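Given next are the chains, with one letter for each unit.
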Amino acid sequence: MPRAAKRLTKADLDALRRMAKAEVAFTAYLADAGQPGLCVQARRGRVRFVFDYRPPAGGARRRLQIDFYGAITLDQARAIAQTHRAAVAAGQDPQEEKRRATREATTVKDAVVNYLVDLEERAAGPAKRGKRSGYAEAKRLLENNVLPKLKDVPIRAVTVEQVRRLHRSLAPVEANRTLTAFSAVFGFTAIEELTPSGFNPCRHVTRNEEAGERRALTTKQLEKLGEKMGELEEKGDLKPSALLAIRLLALTGLRRSELLGHSAKNRRGKREGLRWGDVDLKAGVIHLRDTKTGRQTRVIGKAAVKLLKDAKPKSVDESEPVCPGKDPRQPLVGIDKARRTAYEAAGLAELPGIDLHSLRHTFASTGAHVANGRYTGHVGALLGHGYTKRSITDRYITSDPEALRPAADAIAGEVAVQLGIDKRGEVVPFPGKQSARN
């Protein structure tokens, strides 16, 4: 219950606001004797008007925020409170009426904006669900595909036919990704009670079949890519940072977002990505601050360590990215353009299922076959898989990075040979046996 107060004046509110601004921890909750139900709340350095009432159906008292002092005057707040009081007397609940009005007025654009804000907050916090990479992709899909066609439609009025037409207007894979992102928006609005529980027109739209899958490069394709990248490097047609990124992705199996970050920036205004402070060349490991499953430490092979040693500037700040862009403080952005240039030169650009992520598949496939498949069981750990759904026994096992060292060296070494940035060691006959034959 608010403390009883006299009929408040503008001078009283100005004094209350000064105290609230001077001390953020200052709080007060006063009733205005000039209008029953109107209260003034000072909290977190601000002063707001609140309507305090008991619902017509009974139960605990409720507080309905009216607006902040300054945005409206005391007289305006009294008039609004009087309207709310009349509604309560007529058996209506002002808070429920406000929620109903909000639900009816919420458009697809409003829902998408609020969903993205929520997703971004979860991505920056400790929540299990929500990563910056997911936020960036959801933002792209919703802003580019959904909002141009449905932004002004009330979220509660979206029909299955509207979603179906949207889905049909897009390329098959893009359409499916957009449907997934839009479906998540309806899940969010249900939680926020903006739409009825279970209301999701996306569920009734049939997804497209996705025929193509990403493929690993064959040995010959990887050799051709390495050869053409060497030629482009000599001509100066590819930036050193882009060449380093492509080669490093192939030698380590890193995801693009783990090496170069993603479009969503962190709270410091930087795109996440691998920085020199994350690289321990002596130990042969890299520390990833942001992956699909959180922080990880990955073992990298000797060939990758050598590549990084050769690329590391003599004088470099630990906060600088390993693969810098035009802004040396930010990671490279134009990797797709560089990848297309290299792939076109190698005759890979038009092949189905071959893209930048194929280098990660290539790393995994190489790991499954090098040394007659000896390191197949280590590929998942080197790629950072298996960190979320693990058996109870697995959770008791403390991983030892050094146990993965032979696998990392073997896989990276084989990929380096195929890319032409390293030479395969020659087998030299043992002198004793050779002389014995003679």
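Everything numeric here is computed off the predicted structure, so don't read it as measured data.

Draft legend 1. Spotlight on helix 11 (residues 302-311). For helix 11, the set of buried residues is A303, A304, V305, L307 and L308. At its buried positions, helix 11 is contacted by helix 9 (240-252), strand 5 (279-280) and helix 16 (405-419).

Draft legend 2. Up close: helix 16. Taking 1.5 Å per residue as the helical rise, helix 16 with its 15 residues ought to reach 21 Å, and the 21 Å between its terminal C-alpha atoms agrees with that figure. Across the 15 residues of helix 16, 12 count as buried, placing the element largely inside the fold. Taken together, the buried positions of helix 16 are R405, A407, A408, D409, I411, A412, G413, E414, V415, A416, Q418 and L419. The first or second residue beyond helix 16 is G420, which carries a positive phi of 80 degrees.

Draft legend 3. Up close: the packing of helix 8 (residues 219-235) against helix 9. Orientation of helix 8 relative to helix 9, taken along the N-to-C sense of each, is 160 degrees, at an axis distance of 11 Å. With respect to helix 9, the element helix 8 is oriented roughly antiparallel. In this structure, helix 8 crosses over helix 9, and the sense of that crossing is left-handed. Across the interface between the two elements, M229, G230 and E233 from helix 8 touch L243, I246 and R247 from helix 9. For the contact of helix 8 with helix 9, a count of residues per class yields three nonpolar, one polar and two charged.

Draft legend 4. Representation of the side chain of D52 within the structure. The residue D52 is located in strand 3 (residues 46-53) in this model. A polar atom in the side chain of D52 sits 3.0 Å from the side chain of Y29.

Draft legend 5. Inspection of the environment of T376 at higher detail. Note on placement: T376 falls in the loop between helix 13 (358-369) and helix 14 (379-383). Residue classification places T376 among the partly exposed residues on the basis of a relative accessible area of 41%. Between the alpha carbons of T376 and T366 there is a distance of 9.0 Å; along the sequence they are 10 residues apart. Leaving out residues up to four positions away in the same chain, T376 has contacts with G367 and A368. One polar contact links the side chain of T376 to the main-chain carbonyl oxygen of G373, over a distance of 2.9 Å.

Draft legend 6. Looking closely at the packing of aromatic side chains. Here the structure, examined in full by the defined rule, presents five aromatic pairs. Between F182 and F186, the aromatic rings sit 4.9 Å apart at their centres with planes inclined by 50 degrees, giving tilted as the arrangement. With F182 and F186 both in helix 7 (residues 172-191) and four residues apart, the pair spans about one turn of that helix. The class of F182 is buried, set by a relative accessible area of 1%. Seen from their ring centres, F186 and F199 are 5.8 Å apart, and the 75 degrees between their planes marks the pair as edge-to-face. Remark: F199 occurs in the loop between helix 7 and helix 8 and F186 occurs in helix 7; sequence separation between them is 13 residues. You can call F186 buried: its relative accessible area is 1%.

Draft legend 7. View of the sheet that holds strand 7 (residues 296-299). With antiparallel pairing, three strands are arranged side by side in an open sheet as 5-6-7. Where the open sheet ends on each side, the last strands, each with one partner, are strand 5 and strand 7. Across four bridges, strand 6 (residues 285-288) lies against strand 7 in antiparallel orientation. When the sheet's bridge partners are listed, V285 is paired in strand 7 with V299.

Draft legend 8. Examining the packing of helix 9 against helix 11 more closely. Closest axis-to-axis distance for the helix 9/helix 11 pair is 9 Å, and the angle between their directions is 160 degrees. When the axes of helix 9 and helix 11 are compared, the pair comes out roughly antiparallel. Every pair of crossing elements has a handedness; the one defined by helix 9 and helix 11 is left-handed. Contacts between helix 9 and helix 11 involve L244, R247, L248, L251 and T252 on the former and, on the latter, A303, A304, L307, L308 and A311. Residues belonging to the contact of helix 9 with helix 11 are distributed by class as follows: eight nonpolar, one polar and one charged.

About the cut-offs
- Residues numbered from 1 in each chain as written.
- Predicted model: local features only at pLDDT ≥ 70, side-chain atom pairs only at ≥ 80, totals over all residues.
- Heavy atoms only, no water.
- Buried < 20%, exposed > 50% of the residue type's maximum accessible area, 1.4 Å probe, protein only.
- Helix = DSSP H or I, 4+ residues; strand = E, 2+ residues; numbered from the N terminus.
- Contact = heavy atoms within 4.5 Å.
- Expected span 1.5 Å × (residues − 1).
- Axes fitted to C-alpha atoms, helices over the stretch in contact; angles between N-to-C directions.
- Parallel < 35°, antiparallel > 145°, perpendicular 65-115°, else oblique.
- Left-handed = near helix turned anticlockwise from the far one by under 90°.
- Nonpolar A, V, L, I, M, F, W, Y, C, P; charged D, E, K, R; others polar.
- Polar contact = N/O pair within 3.5 Å; in protein donor to acceptor, adjacent residues only side chain to side chain.
- Phe/Tyr/Trp six-rings, centres within 6.5 Å; stacked < 30°, edge-to-face > 60°.
- Pairing = 2+ DSSP bridges.

These figures come from the coordinates and say nothing about function on their own.
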